[in-house]
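Next come the chains, spelled out residue by residue.
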Amino acid sequence: MASARAQSNSWLLLISSALFLATLCAATSEYAPSLSEGYYEKTCPQAADIVEKYVNKFLKKDSSFAGALSRLQFHDCWVQGCDGSVLLNSTETNSTERDAHVNFGLRGIKEIDEIKAALEYACPGVVSCADIIIVAARDATFKAGGPWWPVALGRKDGRVSSDLLADGNLPFPVFNFTLLVDNFARKNFSAREMVVLSGAHTIGNTHCNGILPHLYNFTGANNATDIDPAMNKGFAAFLKKNCPQGNRTNTIFINSTPGKFDNVYYKSVLAGKGIFITDSALITDSLGKKIVTSFTKAKSTFFEEFAAAMVKMGNLGVLTGSQGEIRKTCQFVN
């Protein structure tokens, strides 16, 4: 009887894995028009190797930097689509996405420009900054122990960037579960996909700016005792030591394995050790808590679902043809 049950469980696991592989394949077959995996094969065949070389360089210096490159894709694609607009510098007459409140402390912009300079040397005017973000995010995640996924390329760079658009589209770290679900739904992502992509918080570090409301302003009282009551008390004390009230600029690792892409994030959230209000919010809803709990298991489908969600995200608002340009440097329009 036990043997039959074990065999049944094995078949269920095999079927589940096959279904999620089919989901990933379906996602990769629905690339935005004009995008393809072999887009640069003739015009810049060494592009992928150049990006990988620099990602290796950055991660060798700081393994937690994989988180910065992964999140840069989200912060770009969620505002006007995957057009590299998050990289643009502000001017005297325009405040860009990178200077939005929600993008405080955003990292990876200088490094993307470093990759771009190498690509311009090898293949002038060919590879877009938008595509570099997409490839670097995938490579960094994979090299940190996470999933690999195919990337379709051929995006053009946008010419418009606004801090107001960023603050109006990206979720703030104080969002509750309902606000998170609504934010993702506006991009045609489900509540489950929201929980999946929240798993990007399994790598990297963050500034205290996004943590302070969780520790000192949970109900709006803005004092030393206004803390999320669901937070683990020992963890709260640790965070307060590293993020004193009013200190926005200190940095702290985002979880206990900041350089390794794994499911520890979900275990931490369940244990009351979510670093942002958005993390803790995932288990305030029965559906969210069920998904989080499932991803703590050794045989969960977190990796497969994360890969599929990143592919789907890479299709948002893609510019092709004359809709955009290939910037010479990523921080300035041509």
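Given the structure is predicted, the values throughout are model-derived calculations rather than measurements.

Along helix α7 (residues 177-185), the residues that are buried comprise Phe177, Leu180, Asn183 and Phe184. The arc that holds the buried residues of α7, viewed along the axis, is 125°, so those residues lie on one side. Check the buried side of α7 and you find it contacts α3 (65-77), α6 (163-169), α8 (191-198), α12 (277-281) and α13 (286-295). Measuring from the backbone nitrogen of threonine 178 back to the side-chain oxygen at the start of α7 gives 3.2 Å, which picks out asparagine 176 as the cap.

Another aspect to go through is empty space enclosed by the protein. Counted under the stated rule, the structure contains 1 cavity of 30 Å³ or more. The computed volume of the largest cavity comes to approximately 70 Å³. Considering the residues around the largest cavity, the lining is formed by Tyr31, Gln73, Ile134, Trp149, Pro150, Val151, Ala152, Arg155, Met310, Val311 and Gly314. Taken together, the residues that form the lining of the largest cavity break down as 8 nonpolar, 2 polar and 1 charged.

With that out of the way, let us pick up the layout of surface pockets. Approximately 860 Å³ is the volume found for the largest pocket. Lining the largest pocket are 36 residues, and of these Arg71, His75, Val102, His201 and Phe276 sit closest to its centre.

Here we come to the state of the cysteines. Counted according to the given criterion, the structure contains 4 disulfides. Disulfide pairing is shown between cysteine 44 and cysteine 123; the S-S distance is 2.1 Å. Here the S-S torsion is close to 75°, and the disulfide linking cysteine 44 with cysteine 123 is therefore right-handed. Here cysteine 44 is found in the loop between α1 (2-28) and α2 (47-61), whereas its partner cysteine 123 is found in the loop between α4 (109-122) and α5 (129-143), with 79 residues between them in sequence.

Listed under "binding site: Ca(2+) 1" (unreviewed entry) in the UniProt record, and renumbered for this structure, are Asp76, Val79, Gly81, Asp83, Ser85 and Glu97. The largest pairwise C-alpha distance within this set of annotated residues, which runs over 22 residues, is 12.4 Å, so the set is compact in three dimensions. Examined against the element boundaries, valine 79 turns out to sit in the loop between α3 and α4. Under the relative-accessibility criterion, valine 79 is labelled buried at 0%. Beyond its immediate sequence surroundings of up to four residues, valine 79 is in contact with Ser85, Glu97, Leu165, Ala166, Asn169 and Leu170. Tracing the backbone through its elements, the reader meets glutamate 97 in the loop between α3 and α4.

Taking 1.5 Å of rise per residue, the 13 residues of α3 would be expected to cover 18 Å, and the 19 Å separating its terminal C-alpha atoms lies within 8% of that figure. Among the 13 residues that make up α3, 13 are buried, leaving the element largely enclosed by the rest of the structure.

To continue, consider the side chain of glutamine 331. Looking at where glutamine 331 falls in the secondary structure, it is placed in the segment after α14 (302-313). Of note is the side chain of glutamine 331, whose polar atom sits 2.9 Å from the side chain of arginine 98. Within the structure, glutamine 331 has its side chain in polar contact with the side chain of aspartate 113 (distance 2.9 Å). Beyond its immediate chain neighbours, meaning those up to four positions away, glutamine 331 contacts Leu87, Leu88, Asn89, Arg98, Ile109 and Asp113.

In this structure, phenylalanine 238 sits in helix α10 (residues 233-242). Residue class for phenylalanine 238 comes out partly exposed when judged on its relative accessible area of 42%.

Counting 78 residues, the largest nonpolar core has Leu87, Ile112, Leu119, Phe306 and Met313 as the members making the most contacts within it. Per-element accounting of this core gives the leading share, 8 residues, to α5. Excluding residues that lie within four positions of it along the chain, phenylalanine 306 makes contacts with Ser70, Thr141, Pro147, Trp149, Val196, Leu197, Gly199, Ala200 and Phe261. Counting 14 residues, the second largest nonpolar core, distinct from the first, contains Tyr216, Met231, Ile254 and Ile275.

The next thing to look at is the packing of α3 against α14. Across the interface, α3 lies against α14 with an axial gap of 10 Å and an inter-helix angle of 40°. By the criterion of interaxial angle, the relationship of α3 to α14 is oblique. Considering how the two elements wind past one another, α3 and α14 form a crossing that is left-handed. On α14, the residues that touch Ser70, Gln73, Phe74 and Cys77 of α3 are Phe306, Met310 and Met313. Classifying every residue of the contact of α3 with α14 by side-chain character gives 5 nonpolar, 2 polar and no charged.

So, how was this worked out
All residue numbers here refer to positions counted from 1 along the written sequence of the relevant chain. Local features in a predicted model are, by the rule used here, given only for residues with pLDDT of at least 70; side-chain atom pairs are given and counted only at 80 or more, and totals for whole chains, interfaces and linings are based on all residues. Side-chain numbers here rest on the full set of heavy atoms in the structure, without hydrogens or water. Remark: exposure states derive from per-residue accessible area (1.4 Å probe, protein chains only) relative to the maximum for the residue type, with buried under 20%, exposed over 50%, and partly exposed in between. Only DSSP runs of H or I covering at least 4 residues are called helices, and only runs of E covering at least 2 are called strands; the numbering of each starts at the N terminus. By definition, the arc is the one covered by directions from the helix axis to the C-beta atoms. We call two residues contacting when some pair of their heavy atoms lies within 4.5 Å. A 3.5 Å cut-off defines polar contacts: any pair of N or O atoms within that distance qualifies, except that in protein one atom must be a possible hydrogen donor and the other a possible acceptor, and neighbouring residues in sequence count only when both atoms are side-chain atoms. Buried and open spaces are told apart on a 1 Å grid over the protein atoms alone, a cavity being a set of points where a 1.4 Å probe fits but cannot get out and a pocket being an open set with protein on both sides within 12 Å along at least five of seven lines. Residues with an atom within 4 Å of a point are the lining residues. Grid points are joined across faces, edges and corners, and a volume is the space filled by probe spheres set on the points. Under the scheme applied, nonpolar residues are Ala, Val, Leu, Ile, Met, Phe, Trp, Tyr, Cys and Pro; charged residues are Asp, Glu, Lys and Arg; polar residues are all the others, including Gly. Cysteine sulfur atoms that come within 2.5 Å of each other are treated as a disulfide pair. UniProt positions are given in the numbering used here, feature names are shortened, and annotations may be inferred rather than shown by experiment. Take the number of residues in a helix, subtract one, and multiply by 1.5 Å to get its expected span. Only buried Ala, Val, Leu, Ile, Met, Phe, Trp, Tyr and Cys residues count toward a nonpolar core, and they belong to the same one when joined by side-chain atoms within 4.5 Å. Note on geometry: axes are C-alpha line fits, over the in-contact stretch for helices, and angles between N-to-C directions span 0 to 180 degrees. Working definition: roughly parallel below 35 degrees, roughly antiparallel above 145 degrees, roughly perpendicular at 65 to 115 degrees, and oblique for all remaining angles. Each helix crossing is assigned a hand: it is left-handed if the near helix lies turned anticlockwise from the far helix by less than a right angle, otherwise right-handed if that turn is clockwise.

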